[in-house]
Amino acid sequence: GDPNVSTATAVREHHGHDESMHTCAPPDAVVWPQAVGQVQELAALCHRCHVPMVPFGTGTGLEGGVNAVQGGVCFDLSRMDSITELSLEDFSVSVEPGVTRKALNSYLRGTGLWFPVGTVGTRERPGLGLSEQGVRGT
């Protein structure tokens, strides 16, 4: 619905670039799925209609991976930000793709665990917004 879909120019341009040197290549639309089932339905629809899909975490990548060079639909995964499971015994944690490194480490505070990735980024944005989706995508 309306709060989960946008074709506004400013929103599309925000999602059409990251911290890389590449120029902005905005998608045709931005969607904010909030559950795995929604991602699956949107992906199936894009596949049927031959529309490119571009995942978006926080836009801190350095490779231009969020640039929608052929248009398409940007899947902004930031609202999928739950930490779903923590096992102190085997040092593992399960997260949704919108969980940021900062949020994860805040959740882990006091357990003796931390997620040390975050030293990448630019001088202005040293990895503080890094999302788990972006870490896996890189």
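Scroll up a little and you will see the structure.
Keep in mind that this is a model prediction, so the values were computed, not measured.

Sorry if this is basic, but what is going on with the overall build of the protein here?
Looking only at helices and strands, one finds four helices and six strands in the protein. Along the protein, from the amino end to the carboxyl end, the secondary structure elements read β-α-β-α-β-β-β-β-α-α. Taken across its 138 residues, the protein has 34% of its residues classed as buried. Within the structure as shown, the protein displays about 8300 Å² of accessible surface, and the carbon and sulfur contribution to it stands at 56%.

Sorry if this is basic, but what is going on with unusual backbone geometry here?
If a residue is not glycine, its phi is most likely negative; likewise, a peptide bond is most likely trans. For His 50, which is not glycine, the phi torsion reads 55° and is therefore positive. Along the chain, His 50 turns up in the loop between α2 (36-48) and β3 (53-56). The phi dihedral of Phe 91 falls on the positive side, at around 55°, and the residue is not glycine. Looking at where Phe 91 falls in the secondary structure, it is placed in the loop between β5 (83-87) and β6 (92-95).

How do you make sense of the pairing of β6 when you look at a structure like this?
In the case of a regular strand, side chains alternate between the two sheet surfaces. Alignment of β5 against β6, held across four bridges, turns out to be antiparallel. When the bridges of β6 are listed, Glu 85 appears paired with Ser 94. Turn length for the β5-β6 hairpin, with the two strands adjacent in sequence and antiparallel, is four residues, and the turn residue Phe 91 shows positive phi of about 55°.

How should α2 be read in this particular structure?
Along an α-helix, a turn takes 3.6 residues, which lines up residues three or four apart on a common side. Spanning 13 residues, α2 covers 18 Å between terminal C-alpha atoms, matching the ideal 18 Å at 1.5 Å per step. Just past α2, the residue His 50 takes up positive phi, approximately 55°.

What's the story with the nonpolar core in this structure? I'm lost.
In terms of nonpolar packing, the biggest core is built from six residues, these being Val 31, Cys 46, Val 73, Phe 75, Leu 77 and Met 80. Those residues in contact with Met 80 that lie beyond four places of it in its chain are Pro 33, Gln 34, Ala 35, Val 36, Val 39, Glu 96, Pro 97, Gly 98 and Val 99.

Looking at this structure, I do not really get the sheet that holds strand β1 (residues 5-6). What am I missing?
Where strands meet in a sheet, backbone hydrogen bonds hold them as pairs that are either parallel or antiparallel. With mixed pairing, four strands are arranged side by side in an open sheet as β1-β2-β4-β3. In this open sheet, the two edge strands, each paired with only one partner strand, are β1 and β3. Strands β2 (29-31), β3 and β4 (73-76) of the sheet are contacted by α2, whose axis makes an angle of about 170° with β4.

The rules we used
Residues numbered from 1 in each chain as written. Predicted model: local features only at pLDDT ≥ 70, side-chain atom pairs only at ≥ 80, totals over all residues. Heavy atoms only, no water. Helix = DSSP H or I, 4+ residues; strand = E, 2+ residues; numbered from the N terminus. Buried < 20%, exposed > 50% of the residue type's maximum accessible area, 1.4 Å probe, protein only. Areas by Shrake-Rupley, 256 points an atom, 1.4 Å probe, with all protein chains shown as cover. Pairing = 2+ DSSP bridges. Expected span 1.5 Å × (residues − 1). Core = buried A, V, L, I, M, F, W, Y, C linked by side-chain atoms within 4.5 Å. Contact = heavy atoms within 4.5 Å. Axes fitted to C-alpha atoms, helices over the stretch in contact; angles between N-to-C directions.

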